[in-house]
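The lines below spell out each chain.
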Amino acid sequence: MEQSPRTADHPHRLRLYYDKPAGHWLEALPVGNGRLGAMVFGGVQAERLQLNEDTLWAGGPYDPAKPEALHALPRVRELVFAGQWQQAQDLISAHCLGDPVGELMYQTVGDLRLSFATDPGVTDYARELDLDQAVARTVFTAAGVRHTRDVIASAPDQIIAIRLAADRPGSVSFRAVFDSPQRYEVAAMAGDLVADGRSGDAEGIVGQVRFRTRVRAMSEGGTVRCRDGVLAVIDADEVTLLVSTATSHVDHRDTSGDQAARADGHLRAAAELPWETLLRRHRLDYQRLFHRVGIDLGDGGETAALPTDRRVALFRDDHDPQLAALYYQYARYLLISCSRPGTQPANLQGIWNDSLNPPWGSKYTININTQMNYWPADPANLAECFEPLCDLVADLAEAGRRTAAVQYGARGWVAHHNTDLWRGTAMVDDAVAGTWPCGGAWLCVMLWDHYLFTGDEEALRRHYPLLRGAARFFLDTLVEDPGHGWLVTNPSVSPEMPHHRELNTSVCAGPTMDMQLLRDLFDACTEAAAVLGTVREDRDFLAEVSAARTRLAPMRIGRLGQLQEWIEDWDELADMTHRHVSHLYGLHPGNQITRRDTPELCRAARRSLELRGDAGTGWSLAWKINLWARLGEGDRAYKLLADQLTPRHTAPNLFDLHPPFQIDGNFGAASGITEMMLQSHTGEVHLLPALPSRWPHGRVRGLRARGGLEIDLSWHGGRLRRAVLRATRQGETRLRTVDPVTVHGPQGPLECARPERSVAVFSTEPGREYVIDCG
Ligand code: FUC
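Everything numeric here is computed off the predicted structure, so don't read it as measured data. Residue numbers here run from 1 along each chain, matching the order of that chain's written sequence. In view of the model being predicted, local features appear only for residues whose pLDDT reaches at least 70, and side-chain atom pairs are presented and counted only at 80 or more, with totals across whole chains, interfaces and linings using the full set of residues. Just so you know, side-chain values use all the structure's heavy atoms and leave hydrogens and water out.

On to the overall build of the protein chain, then. Secondary structure elements follow DSSP: runs of H or I no shorter than four residues count as helices, runs of E no shorter than two count as strands, and numbering proceeds from the N terminus. Within the protein chain, the secondary structure is distributed over 17 helices and 32 strands. Each radius of gyration reported is based on C-alpha atoms, and the globular scaling rule is 2.2 Å times the count of residues to the power 0.38. Taking 775 residues into account, the globule formula puts the C-alpha radius of gyration at 28 Å, and the protein chain, at 27 Å, falls close to it. Each of the three principal axes of the protein chain carries a C-alpha extent, and together these read 80 × 70 × 50 Å. Residue burial is assigned from relative accessible area. The probe radius is 1.4 Å, only protein chains are included, and a residue is buried under 20% of its type maximum, exposed over 50%, and partly exposed in between. Taking all 775 residues of the protein chain together, the buried fraction comes to 64%. At a minimum sequence separation of 6, the contacts of the protein chain that also span at least 24 residues come to 68%. The Shrake-Rupley method, run with a 1.4 Å probe sphere, supplies the accessible areas, and residue values consider only the shown protein chains as cover. Summing over all exposed atoms, the protein chain offers an accessible surface of approximately 26,500 Å²; the carbon and sulfur share of this is 48%. Counting 82 positive and 100 negative side-chain charges, the protein chain places the centres of these two groups 2 Å from one another. What makes two residues a contact is simply this: any of their non-hydrogen atoms within 4.5 Å. In this charge count, Lys and Arg are treated as positive and Asp and Glu as negative; neither His nor the chain ends contribute. Charge coordinates come from a single atom per side chain, which is NZ of Lys, CZ of Arg, CG of Asp or CD of Glu.

Shown next, in the form of structure tokens:
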């Protein structure tokens, strides 16, 4: 490596740093290439790499749709409208939940364990995750020899590679074994260590994902031999250890792939390249994405040189803005490492999981958690990382068509609150959480929002049928609320929130979030059709959409001045401090509630947020950062960020803790940090809408706004100093700032329309830069 890993000299480097090996999993450091993941422990005498592959899930393809659900549906609806919620839930539990009732879990591959005959008395130990290069590095001195171990997960070469080096020839000796809670066998093949195994059985479904992990030691000097499940390297100068894993997963209906050929093929190709080439190709690929954004929120001084877990413990009382910047970039690192074109989307733990039965199956919870994973993708300039989510929606649209037809007798498609590798789309788990038909609708709204950032019409053309199918389902299943005549979902829930806490009843009709989501979904269909020029051919469908939209139940303000979570003012009967804040979807990530356009609703949403309080799970705090930023209250948003950056919600390796570990909080908080600096959800670009007073000076480069703009900005004394907007498409930009600004185009100052003192409107041309000056 070009750069010395000496630590205190480089307090501002983008890295997580520790002065001792990981004692447990949440101290280990994650590497990943979208598909493959590893947790690196950095041990001296025993190194552990806990391995993952994103298609290694329990079970196999299944169809959860249950025909008897359709017969129960009319009665369930009647009971819900009659306020007989418990009876409705009983009926749902008996007849409407999918088969199986639970979905299947994401599982670990196992561990590669290295043991070294190193003297335990090491000095100058350091372990770091270098976010600039995406390398997990361990260095130490033992018996006068300096050892360096670098680990990468390369996307271009589809391999995990470990470089073991020492500054005295002949000093690298170790034994490597594979170990796993899965069913597996090991063998030696052509000098490589090979493990062949199969995923676990669950929910009555036999594990059908076969996997192979193949490990090769490429040594310079010394000897290598593989026997009896042990790969031994003796007295080498340096070694590159290649770890290739693949599975037999083809898609959600097919597990007939050849895992052995895949794993062997990746290994064979990578083995042709020397370590330096593997590293260079990895770095180029990673930095192409990572380097798009730079962020500087100020200097924390001495604290920044401390081990990262110490900094988390001190963050609330200390001034360490660099840790917030690091946390932001870490989220970008994580997204790049667990979600790449062609891979599975980031699950509840991204890609990192050491268990066969992780919390909530480490699945895709699509009533908030999966969505939150992708909030930062576009704003943090990682549009490519969003692609696996698009593929997921395409799969769900296919699988959910059957669930819609069988369980609801409806056209289109539906996905409820959870899904898995097999694209389960039925109501699952239990009636209280599972009765939510809007998971797919929310994901579709995100596809439309993605278009607003990228302007990619070709992608929109592929996504439009998915949106249309999601809307079709609701056009077929919305029912008239007998009390008011509105069109509502029934049965549904406001995600995971009992409206009568004492009764534990959540099932209801037309919860606020559903209505907000459907307005967005219907609008997305209408607008997408206009962009794609299909208004004429889709005339009947669009007419139905717009007629239904006007009849959806409106948002309402309750006795406490709060935004009602349901049509009825039940909020006081519910758990007012519940972690979910579903009805505030309209404020963030939605835009039906804004400070300027709907001030009354905005006040009500603020009141709801106050009533909810600041406590919650990691992801709940992260959502609240975004919500306070949308309210323009930067200091309150910062307070939630500081609550999240405490040992309760942030592990030593900076993984977000629900607790337990759940990666959505990492991504949600990164989104919240962007929302403090830049917002673009109201058709205008708003610079510094919610800057916390704790970050008076700073700069950020490369953020993305809706309308296809890439934005750099800097501020001083809490005021915007300068911004640069790079346009990627033709359009009109409406720019909002605190103080009036001048706009310089390529030919000098631009004449701007100024509908308000601090709003400048000007046209932009693709490929041009616009400099915003504060005079
Ligand atoms: C939802 C949340 C939980 C958890 C789980 C994965 O059920 O309510 O807090 O995040 O998803």
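There is more to say after this.
Within the secondary structure layout, Arg612 lies in helix 14 (residues 599-612). A residue is classified by how much of its surface remains accessible, and Arg612, at 5% relative accessible area, is buried. N or O atoms within 3.5 Å of each other form a polar contact, as long as, within protein, one can give a hydrogen and the other can take it, and as long as residues adjacent in sequence are counted only when both atoms are side-chain atoms. Within the structure, Arg612 has its side chain in polar contact with the side chain of Glu565 (distance 3.0 Å). With sequence-adjacent residues up to four places away left out, Arg612 is seen in contact with Met497, Glu565, Asp575, Met576, Thr577, His578, His580, Val581 and His583.

Here, proximity means that at least one heavy atom of the residue falls within 4 Å of the molecule or strand. Contacts to the ligand come from Leu348, Trp360, Thr365, Asn369, Glu496, Arg579, His580, Trp619, His658 and Gln662. Contact distances for the ligand include 2.6 Å between an oxygen atom and a side-chain N or O atom of His580. In the model, an oxygen atom of the ligand is placed 2.6 Å from a nitrogen or oxygen of the His658 side chain. A total of 290 Å² of accessible area belongs to the ligand in isolation, and the protein chains cover 96% of it. The nonpolar class holds Ala, Val, Leu, Ile, Met, Phe, Trp, Tyr, Cys and Pro. Asp, Glu, Lys and Arg form the charged class, and all remaining residues, Gly among them, are polar. For the shell around the ligand, the per-class residue count stands at 3 nonpolar, 5 polar and 2 charged.

With that out of the way, let us pick up the sheet that holds strand 28 (residues 742-745). Strand pairing is assigned whenever DSSP identifies at least 2 bridges connecting the two strands. Strand order in the open sheet formed by 7 strands is 17-24-25-26-32-28-29, with antiparallel pairing between adjacent strands. Whereas interior strands pair on both sides, the edge strands pair on one side only; in this sheet they are strand 17 (294-296) and strand 29 (748-749). The sheet contact formed by strand 26 (residues 719-727) and strand 32 (residues 769-773) spans 5 bridges and is antiparallel. Its bridge partner lying in strand 32, Val724 is registered against Val771. The sheet strands contacting helix 17 (residues 664-677) are strand 17, strand 24 (698-705) and strand 25 (709-716), and the helix crosses strand 24 at an angle near 105°. Angular values range over 0 to 180 degrees, each being the angle between N-to-C directions of two axes fitted as lines to C-alpha atoms, with helices fitted over their stretch in contact.

So, on to the confidence of the model for the protein chain. For the protein chain, the average pLDDT comes to 96, and 98% of its residues sit at 70 or higher. pLDDT is a per-residue confidence score from the predictor, ranging from 0 to 100. Overall, residues 1-11 carries pLDDT values under 50, and its contacts beyond four positions in sequence, including any with other chains, amount to 23 contacts.

The first and last C-alpha atoms of helix 1 (residues 68-81) sit 21 Å apart over 14 residues, in line with the 20 Å expected at 1.5 Å per residue. Helix geometry: helix 1 is bent most strongly at Pro74, by close to 35°. Buried within helix 1 are the following residues: Ala69, Ala72, Leu73, Val76, Arg77, Leu79 and Val80. Packing partners of the buried residues in helix 1 comprise helix 2 (85-95), helix 8 (387-408), helix 11 (457-477) and strand 20 (479-480). One less than the residue count of a helix, multiplied by 1.5 Å, gives the span that helix is expected to have. Across the chain, bend at a residue is computed as the angle between axes fitted to the seven residues ending at that point and the seven starting from it.

The next thing to look at is the nonpolar core. In this text, buried Ala, Val, Leu, Ile, Met, Phe, Trp, Tyr and Cys residues form a nonpolar core when linked through side-chain atoms within 4.5 Å. Grouped together as the largest cluster of nonpolar side chains are 227 residues, with contacts concentrated most on Leu112, Phe174, Leu241, Tyr333, Trp442 and Phe522. The dominant element in this core, judged by the number of residues it contributes, is helix 6 (residues 321-338), at 13 residues. Apart from residues no more than four positions distant in its own chain, Phe522 is found in contact with Ala471, Phe474, Leu475, Leu478, Val545, Ala548, Arg549 and Leu552. Counting 11 residues, the second largest nonpolar core, distinct from the first, contains Val135, Ala161, Ala271 and Trp275.

Interhelical geometry of helix 8 versus helix 11 gives an angle of 25° and a closest axis separation of 10 Å. Comparing their axes, helix 11 and helix 8 come out roughly parallel. The hand of the helix 8/helix 11 crossing is left-handed. Together, Cys390, Val393, Ala394, Ala397, Ala404 and Tyr408 of helix 8 and His463, Leu466, Phe473 and Thr477 of helix 11 make up the contact between the two elements. Split by residue class, the contact of helix 8 with helix 11 holds 8 nonpolar, 2 polar and no charged. Our angle categories are set so that under 35 degrees counts as roughly parallel, over 145 as roughly antiparallel, 65 to 115 as roughly perpendicular, and the remainder as oblique. The crossing is said to be left-handed when, going from far helix to near helix, the turn is anticlockwise and less than a right angle, and right-handed when the turn is clockwise.

With that settled, the discussion passes to the pairing of strand 11 (residues 183-189). Here strand 11 runs beside strand 12 (residues 192-198); their pairing, made up of 7 bridges, is antiparallel. Within strand 12, the residue paired with Tyr184 across the bridge is Gly197.

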